[in-house]
Structures are given as structure tokens and as C-alpha cells.
Amino acid sequence: MLSPAESGKRCRIALGERLKSELGSFSLRSRTLSFTGKSVFVSYSDFHANISQWFYGVPKHEWEDWKHDFMAILMKESDEVNYILLDQRECVTLFKKCGQDSRGDKKINIRRPTNGGKIYIVEWEDFPLTSKCNPLQVSWS
């Protein structure tokens, strides 16, 4: 069984491969996919079934001076992974809506109601998350 860190890395690489046809070759450094002239900050979370949520943190040094073209949010549940891609404007709007922890990191929560309702960003309920959600093929072997 892979650690969450290793799962996150595999998912980030799979996302880079998925975006390569549009953005060109890439490199991965920490949580950032760097393409020629574009960067994607990639947040990853395993699903927490006990409370039906995914949790994300964006470090203060990242959101305070947002330099990325996009932010990808990876949602892993079991062996399935979905992602959403937010542009710069959407990222800034989301960060304004999110609270911070004691270190100043922005906290993002995505919830899937247990009654089977649509998934949504807790801090931005009217964001069209479902329509922007895409499956991501990840090799686990």
C-alpha cells in the first residue's frame, strides 16, 4: 500500500501526462507541475469516508503571492481519482472565501453528501464543481 505522499506524487505525474498534449513537456517539483511558460499548483487529498470530505491546504507563501496559472485539485477515493482545474481568477476567488489555519495556510474542503447529492466546495458552494470534474487515470502498480 502506498503512502499518501507517494499516491499524491503518482497522481501529480498522471495529471502532468494528461495535460502534456495541451501544455507541453513538464517537470514536477514538490506540488508544482512546471510546463513551458505555465505552472500548475496541484493539491491532493484522499477521501475521508467517515465525514464524506476531502481536505486541502494551500501554504501561505503560495496563495499570498499567487504566481501559478492554474490550480488542480485531485480527489482520490479508493483507486479512482478525479480532478478539477481552476484558472487564476477562480483561485483568487476561492482563496478569498477560505479560512486560514494558525500558520496562515488556506483550508479547502470538498464534501460529498452521504445522501448522494452533488459534491461541492464547502467554502464556495455555488462553484460548478461537478461540471468541471474530470477522471484521471493513475497507474497504481
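Refer to the preceding data block for the structure.
Residues numbered from 1 in each chain as written. Predicted model: local features only at pLDDT ≥ 70, side-chain atom pairs only at ≥ 80, totals over all residues. Heavy atoms only, no water.

### Remarks on the sheet that holds strand S2 (residues 32-35)
Taken together, the 6 strands give an open sheet; going across it, the order is S1-S2-S3-S5-S6-S9, and neighbouring strands pair in mixed fashion. Of all strands in the sheet, those bounded by a partner on one side alone are strand S1 (26-29) and strand S9 (134-136). Each adjacent strand pair in this sheet contributes to an overall mean axis angle of 30°, direction not counted. Pairing between strand S5 (residues 70-77) and strand S6 (residues 80-87): 8 bridges, direction antiparallel. Residue pairing in the sheet places Phe 70 in a bridge with Asp 87 of S6. Of the strands in this sheet, S1, S2, strand S3 (38-46), S5, S6 and S9 touch helix H1 (residues 4-23), which is tilted by about 145° from S3. With respect to the sheet, helix H3 (residues 88-97) is in contact with S5 and S6, its orientation differing from that of S6 by roughly 95°. (Pairing = 2+ DSSP bridges. Helix = DSSP H or I, 4+ residues; strand = E, 2+ residues; numbered from the N terminus. Axes fitted to C-alpha atoms, helices over the stretch in contact; angles between N-to-C directions. Contact = heavy atoms within 4.5 Å.)

### Structural notes on H1
The end-to-end C-alpha distance of H1, which contains 20 residues, comes to 27 Å, matching closely the 28 Å that a straight helix rising 1.5 Å per residue would cover. Of all the bends in H1, the greatest measures close to 30° and is centred on Glu 17. Summarising the contacts, the buried residues of H1 are in contact with S1, S2, S3, S5, S6 and S9. Gly 24 occupies a position one or two residues after H1 and carries a positive phi of about 90°. (Expected span 1.5 Å × (residues − 1). Bend = angle between axes of the 7 residues up to and from the residue.)

### Some words on the layout of surface pockets
Size it by volume and the largest pocket reaches roughly 200 Å³. As for the largest pocket, its lining consists of Met 1, Leu 2, Pro 4, Ser 7, Tyr 44, Asp 46, Lys 76, Ser 78, Asp 79 and Trp 140. Those elements giving two or more residues to the lining of the largest pocket turn out to be H1 and S3. Of the residues that constitute the lining of the largest pocket, the class distribution is 5 nonpolar, 2 polar and 3 charged. Quantified by volume, the second largest pocket comes out at close to 170 Å³. Looking at the second largest pocket, the residues that line it are Arg 29, Ser 30, Arg 31, Thr 32, Ser 34, Ser 39, Phe 41, Pro 59, His 61, Glu 62 and His 68. Where the lining of the second largest pocket is concerned, the elements lending two or more residues are S2, S3 and helix H2 (60-63). (1 Å grid on protein atoms, 1.4 Å probe; cavity = no way out; pocket = protein on both sides within 12 Å on 5 of 7 lines; lining within 4 Å. Points joined across faces, edges and corners; volume = space filled by probe spheres on them. Nonpolar A, V, L, I, M, F, W, Y, C, P; charged D, E, K, R; others polar.)

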